Amino acid sequence: MATLLPSNRPLGVIDRFNEMMEDIFDTKLMTTHWLPRVDVKDTEKETVYVVELPGMTMEDIDVEVLNDMLTIKGKREMRDEVRRDDYVRIERQYGNFLRQFRLVAPTEPNQVKATYKDGLLTVAVPKRDVMPTHRVPILPK
């Protein structure tokens, strides 16, 4: 969630207002989640997910495949050396994120590959050859 501070108001008034709203609505829990942008490319052999995660390390990110669901989650934190009080505008998003995608084709979870470079996580999910349908005859009792 972007935090925009109007330039015509003193920073102290806005800080006090934000603290009141956090006390009333417990907004710290509501503002800790964000959704990174994802591009999805579907080819004959695989589906590729490209996730924008600038400023994160591989250790901050977790990728899982369970049944027919791809889950990408992690946490981006504001670095300790940065003091939030010094900012008048914060647009980058911090906190936990979770993205889930239902896989459209059968896959082997151990064949899924994930790479991370220059703030982009790329997850390639190969499609397994679909086995032909076998018709089961119904026999009388």
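Now for a quick tour of the structure. Treat the numbers as computed from the prediction; the structure is a model and nothing was measured. (Residues numbered from 1 in each chain as written. Predicted model: local features only at pLDDT ≥ 70, side-chain atom pairs only at ≥ 80, totals over all residues. Heavy atoms only, no water.)

With a phi angle near 55 degrees, N67 is a residue other than glycine that sits in the positive phi range. On the secondary structure map, N67 appears in the loop between β4 (61-66) and β5 (69-76). Even without being glycine, D118 reaches a positive phi, approximately 55 degrees. Within the secondary structure, D118 is located in the loop between β7 (113-117) and β8 (120-126). For D118, a relative accessible area of 72% corresponds to the exposed category. (Helix = DSSP H or I, 4+ residues; strand = E, 2+ residues; numbered from the N terminus. Buried < 20%, exposed > 50% of the residue type's maximum accessible area, 1.4 Å probe, protein only.)

Once that is clear, we can look at the sheet that holds strand β3 (residues 46-52). Adjacent strands of a sheet form backbone hydrogen bonds with each other and so pair up, either parallel or antiparallel. The four strands are arranged β2-β3-β8-β7 in an open sheet whose pairing can be described as antiparallel. Here the strands that pair on one side only, and so sit at the sheet edges, are β2 (38-42) and β7. Within this sheet the neighbouring strands show an average axis-to-axis angle of 15 degrees, counted without direction. The sheet contact formed by β2 and β3 spans five bridges and is antiparallel. Each residue of the ladder has a partner; that of V40, found in β3, is Y49. (Pairing = 2+ DSSP bridges. Axes fitted to C-alpha atoms, helices over the stretch in contact; angles between N-to-C directions.)

What follows is about the side chain of T107. Within the secondary structure, T107 sits in the loop between β6 (95-102) and β7. One polar contact links the side chain of T107 to the main-chain carbonyl oxygen of P126, over a distance of 2.7 Å. With residues up to four places along the chain from it excluded, the contact list for T107 reads V65, V112, V125, P126 and R128. (Polar contact = N/O pair within 3.5 Å; in protein donor to acceptor, adjacent residues only side chain to side chain. Contact = heavy atoms within 4.5 Å.)

In this section: the packing of aromatic side chains. Enumeration over the complete set of coordinates arrives at two aromatic pairs. Between the aromatic rings of W34 and F97, the centroid separation amounts to 5.2 Å while the plane-to-plane angle is 55 degrees, which identifies the pairing as tilted. Of the two residues, W34 sits in strand β1 (residues 33-34) while F97 sits in strand β6, which places them 63 residues apart along the sequence. Both residues of the pair, W34 and F97, count as buried. (Phe/Tyr/Trp six-rings, centres within 6.5 Å; stacked < 30°, edge-to-face > 60°.)

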